[in-house]
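Take a look at the letters that make up each chain.
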Amino acid sequence: MGIPREDGVFIRKMLEDTLDNKTDNKTADLFPEESLKEVVEAGVFYGRKKSKVNPKMRPYILANRGGIEIINLHKTLEKLLVTTDFVRESIKKGGLALLVGTEPSAIDIVDLAKEFEFPVVSNRWLGGTLTNFKIIFQRVNYLKKLRADMKAGVLDKYTKKERVGIEGEIKRLEELVGGLENLIRLPDFVLVIDPKINTTVIREAKRMKIPIVTFTNIDADPDDLDYFVPGNTKARKSVNWFLAKIKKAIEEGKAAQALNPVVKIEKAPVSEGAAVK
């Protein structure tokens, strides 16, 4: 789902005017600080139409321009500080993060996961990933075994038809749980881009009492989120701004962990809820 054409035209015009100092007095008063230039350039302030805003998120709205609610970037940075503090401390203690970004705008979350060897969901969320973790863990291990067998030539003893079937099973499992190979236990927190379209993730994390970290627009319910940063979740540049801040917090957490290593007590696999199909 892309930004509506009329909304896109409006937001691009506002960005251009702001950066070229051509804004009228009302717009110029919104983000005059030089310290906000990076956030403005990333388009983080782009909110939602008034009819789509969750009433509980109104404290994070600064103004309305052309029917679009503009996010208060001062509030965004305040929430970012709290959120990155949590991420940094969790990683410092050896925390494991599960990253979730299923929209095209969040595609770069895969690179972040690979860099730190975190599990990631970039396609669709598989129901029961958290609440039926034991089954998911078994599926991941089965995928690893099939890959290892293929690499070692173990599958050569099967007929061509059987090998094609096994290769198809590997492909199916890769699509379902391929990004979860590093999910060796329940995560210490789940990081979600746009909780509004990932409601099942939020519901499962709450049920399992796993902290939720999100980059969210103003259409979500903040009561469901432990740590959230209000911003434009539909633009890749905006999401990447958030991911860059999270990356820095992770790096700082890992650096602190290296200086003061602690033993992380691993949580045992938990089985709860219906079986995964």
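So, how was this worked out
- Residues numbered from 1 in each chain as written.
- Predicted model: local features only at pLDDT ≥ 70, side-chain atom pairs only at ≥ 80, totals over all residues.
- Heavy atoms only, no water.
- Helix = DSSP H or I, 4+ residues; strand = E, 2+ residues; numbered from the N terminus.
- Buried < 20%, exposed > 50% of the residue type's maximum accessible area, 1.4 Å probe, protein only.
- Contact = heavy atoms within 4.5 Å.
- Axes fitted to C-alpha atoms, helices over the stretch in contact; angles between N-to-C directions.
- Parallel < 35°, antiparallel > 145°, perpendicular 65-115°, else oblique.
- Nonpolar A, V, L, I, M, F, W, Y, C, P; charged D, E, K, R; others polar.
- Pairing = 2+ DSSP bridges.
- Expected span 1.5 Å × (residues − 1).
- Phe/Tyr/Trp six-rings, centres within 6.5 Å; stacked < 30°, edge-to-face > 60°.
- Lys NZ or Arg CZ within 6 Å of the ring centre and 35° of its normal.
- Left-handed = near helix turned anticlockwise from the far one by under 90°.

S.K.: Before we go on, may I ask you to explain the overall build of the chain in this structure?
M.R.: Per the secondary structure count, the chain includes nine helices and eight strands. Here the chain, with 277 residues, has 47% of them falling under the buried criterion. Sequence-distant contacts, at least 24 apart, represent 68% of the contacts inside the chain between residues at least 6 apart.

S.K.: How should I be thinking about the packing of helix α5 (residues 109–116) against helix α9 (residues 236–259) in this particular structure?
M.R.: Each pair of packed helices can be summarised by the angle the axes make with each other and by the distance between the axes. As a packed pair, α5 and α9 sit with axes 11 Å apart at the nearest point and diverge in direction by 10°. The pairing of α5 with α9 is recorded here as roughly parallel in orientation. Mapping the contact onto sequence places I109, L112, E115 and F116 in α5 and L243, I246, K247, I250, E251 and K254 in α9. A class-by-class count of the residues in the contact of α5 with α9 yields six nonpolar, no polar and four charged.

S.K.: Please explain the sheet that holds strand β3 (residues 68–71) as it appears in this structure.
M.R.: Within a sheet, each strand pairs with its neighbour through backbone hydrogen bonds, oriented either parallel or antiparallel. Taken in spatial order, the three strands make up an open sheet running β1-β3-β2, and their pairing is antiparallel. Each having just a single partner strand, β1 (46–49) and β2 (61–65) make up the two edges of the open sheet. Averaged over all pairs of adjacent strands, the angle between strand axes in this sheet comes to 35°, irrespective of strand direction. Note: β1 against β3, two bridges, orientation antiparallel. When the bridges of β3 are listed, K49 appears paired with I68.

S.K.: Any chance you could explain α9 here in plain terms?
M.R.: Helical geometry: 3.6 residues make up each α-helical turn, so side chains three or four residues apart lie on a common side. Here α9 is 24 residues long and its end C-alpha atoms lie 34 Å apart, about the 34 Å a rise of 1.5 Å per residue gives. Where α9 is concerned, the buried positions are S238, V239, W241, F242, L243, I246, A249, I250, G253 and A256. On its buried side, α9 packs onto α3 (37–41), α4 (73–92), α5, β6 (189–193), β7 (212–216) and β8 (227–230).

S.K.: Help me understand the packing of aromatic side chains in this model?
M.R.: Centre distance and the angle of the planes are the two values used to describe a pair of aromatic rings. In total, this model carries eight aromatic pairs according to the counting rule given. On the numbers, 5.5 Å between centres and 70° between planes, the contact of F86 with F189 is edge-to-face. Taken together, the positions of F86 in helix α4 and F189 in strand β6 put the pair 103 residues apart, joining distant regions of the chain. Per residue, the accessibility class of F86 equals that of F189, and both read buried. Judged by centre distance (4.2 Å) and plane angle (15°), the ring pair of F86 and Y227 falls under stacked. Placement of F86 in helix α4 and of Y227 in strand β8 is noted, with a sequence separation of 141 residues between them. By the ring-pair criterion, three or more aromatic residues cluster together here, those being F86, F189 and Y227. Taking NZ or CZ as reference, K79 lies 4.3 Å from the ring centre of F228, over its face.

S.K.: Help me understand the packing of α4 against α9 in this model?
M.R.: α9 packs onto α4 with a crossing angle of 35° between their chain directions and a minimal axis gap of 8 Å. Here the hand of the crossing between α4 and α9 comes out right-handed. On α9, the residues touching T76, L77, L80, T83, T84, V87, R88, I91 and K92 of α4 are W241, F242, K245, I246, A249, I250, E252, G253, K254, A256 and Q257. Among the residues making up the contact of α4 with α9, the classes are represented as ten nonpolar, five polar and five charged.

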